[in-house]
Structures are given as C-alpha cells and as structure tokens.
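Below, each chain spelled out in residue letters.
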Amino acid sequence: MSTLEYIERKLSEDGALHFSLIDPEKQDPEKAGEIASKLEEMGTDLVMVGGSTGAFGTLLDETVKEIKRSCSLPVVLFPGGIGGVSKYADAIFFMSLLNSRNPHYITGAQAQASFLVMKSGLEVIPMGYVVIEPGGAVGFFGEANLIPRDKPEIACSYALAAQLMGMKLVYLEAGSGARESVPNEMIYLVKKSINIPLIVGGGIRNPSEAKEKVLAGADIVVTGTMLERKPELLRETITSVKTAGLSKLVK
Ligand code: 1GP
C-alpha cells in the first residue's frame with residue numbers, strides 16, 4: 001500500500017488523522033528515533049520530517065533512518081528547500097508554496113529537485129501549501145503573500161486551485177510555533193470548497209484547539225512545537241483529534 005493510500009484509507013476509517021512533525025535540527029538522530037517510537041505508541045498516524053533550516057544532508061538521512069528503525073509509521077519528507085530530500089523516507093510531500101511572491105517556491109525549487117526526487121525512488125505526493133497570517137519562519141523564508149486571517153475566501157481560491165492542478169492534498173499553514181493557528185471559519189470554508197484531504201498546522205497548542213480544527217473541517221492536524229514545549233499534552237491532543245474524527249464519521 002502506498003503512503004497516500006494509507007492516508008486515504010485511514011481517513012475513511014478514523015475520520016481524522018494526526019501527523020507529527022520532527023525537525024532534524026532540534027535533536028540528534030537517536031533522540032528523534034526515541035521520540036518517533038513514543039509518538040507511535042500515543043497513536044499518531046504519520047511522521048513528517050523537515051524544517052526551514054538545517055534539515056538536510058547527513059543529519060536528515062540519519063534522522064530519517066533512526067525514525068524508520070524505531071517505529072513502523074510512514075515517514076514523509078516535508079522539505080523546506082531542495083536539500084530536504086532523503087532516499088531513506090517512504091514518501092515526499094512534493095510541495096508548492098502557492099501564495100509565494102517568488103516563483104522559486106512555487107515551481108523553481110521543484111524543478112531543481114525533480115530529477116533527484118525521481119532517482120530517489122521516493123513516493124511523490126503532490127501538495128498545495130498555503131501560508132496564512134502570521135506565517136512564521138516559513139512565511140518569511142518562503143516570501144509568502146500571507147493570506148489575511150479575515151479573508152477565508154482567498155484561502156478557498158488557493159485550495160481549489162491546488163485541487164484543479166491535480167494536487168492530492170492541501171495544507172493550510174499558520175507557521176511553526178505561530179501565536180495563532182489557522183482560523184476555524186477559514187478551515188470550514190476551505191473544506192467546503194474542495195474534495196481532497198485538508199491538512200492544518202501551525203500554532204496548535206492544546207487538545208481542545210486540535211479538536212476545534214477537526215470539527216471545523218480539518219482532515220489532518222499537524223503538531224510539531226508541542227513536542228518541545230508541552231510534550232505532556234501530546235497524548236491527549238492525539239486522542240482528541242481521533243475522538244473528534246470519529247464523531248464526524250457517525251454524523
Ligand atoms: C509547521 O504546521 C507545522 O509546519 C507544525 O506547527 O510547530 O506550531 O506545531 P507547530
């Protein structure tokens with residue numbers, strides 16, 4: 001089964017999924033493996049590996065290898081640039097930062113990395129990436145024309161464009177560690193505009209906020225910073241995503 005099939009099948013069974021983001025720069029590879037094993041035990045569905053800086057080369061390869069060794073979850077690259085490719089992962093989110101002002105982040109980096117990605121043998125999952133205010137480091141480095149929080153219709157247009165361009169997933173990103181997560185109303189309206197899975201991440205700090213995102217329409221909730229700042233909330237956060245997902249299924 002491919003990773004995309006795994007995501008689609010698990011979504012149809014669980015109603016909502018939780019993905020964990022591990023940044024190779026934040027710990028050594030061995031520790032990343034230990035973290036992944038704990039995350040699997042807590043019920044997360046997939047491990048994303050990436051970061052805006054430093055997530056490349058040997059550190060990336062070794063981190064992915066340790067995570068693969070320590071857990072049985074799919075490991076998917078979440079590249080911050082052309083260096084974010086490792087043949088040891090299961091798949092790569094082949095992302096286009098659709099609302100960047102700089103064509104490099106929409107198609108340029110993708111062109112530079114395309115042959116490398118093909119040669120790697122990685123499963124490629126095309127994903128539309130849309131950055132919402134406040135946007136954090138990715139908004140800054142990706143030169144995003146940040147979508148205002150009170151303009152959900154703009155987010156809807158980008159999400160639908162992603163679907164029409166053949167992308168398999170849409171990711172609404174508020175920025176890692178953002179002071180505010182993607183607004184619930186925006187999630188609700190975007191979900192109504194598309195029929196591909198919707199991922200929401202950035203600034204989700206606790207179980208009730210994660211639950212709200214699912215109830216608003218997020219198919220997949222991503223947390224990263226919680227691992228460093230409030231690891232004691234992770235288990236309950238994952239459980240709240242799953243409970244909210246199942247409640248959507250029975251509706
Ligand atoms: C970042 O959306 C992810 O790309 C996760 O964000 O670190 O704020 O959880 P946090």
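The coordinates are above.
Since this is a predicted model, take the numbers as computed values, not measurements. (Residues numbered from 1 in each chain as written. Predicted model: local features only at pLDDT ≥ 70, side-chain atom pairs only at ≥ 80, totals over all residues. Heavy atoms only, no water.)

## Details of the pattern of salt bridges
Here is step 1 of the chain: As enumerated under the stated definition, the model contains 14 salt bridges in all.
Here is step 2 of the chain: Residue Glu41 pairs with Arg235 through a salt bridge whose shortest N-O separation is 3.1 Å. With a gap of 194 residues between them, Glu41 in helix H2 (residues 29–42) and Arg235 in helix H10 (residues 234–250) connect regions that are remote in the sequence.
Here is step 3 of the chain: By relative accessible area, which is 52% here, Glu41 ends up exposed.
Here is step 4 of the chain: The exposure class of Arg235 is partly exposed, given its relative accessible area of 40%.
Here is step 5 of the chain: A salt bridge links Asp219 to Lys191, with the shortest nitrogen-to-oxygen separation between them at 2.8 Å. Of this pair, Asp219 sits in the loop between helix H8 (207–216) and strand E8 (220–223) while Lys191 sits in helix H7 (residues 184–193); the two residues are 28 residues apart in sequence, bridging distant segments of the chain.
Here is step 6 of the chain: Of the residues examined, Asp219 reaches a relative accessible area of 10% and is grouped as buried.
Here is step 7 of the chain: A single network of salt bridges, built from pairs that share partners, joins Lys10, Asp14, Asp45 and Lys242. (Salt bridge = Lys/Arg side-chain N within 4 Å of Asp/Glu carboxyl O. Helix = DSSP H or I, 4+ residues; strand = E, 2+ residues; numbered from the N terminus. Buried < 20%, exposed > 50% of the residue type's maximum accessible area, 1.4 Å probe, protein only.)

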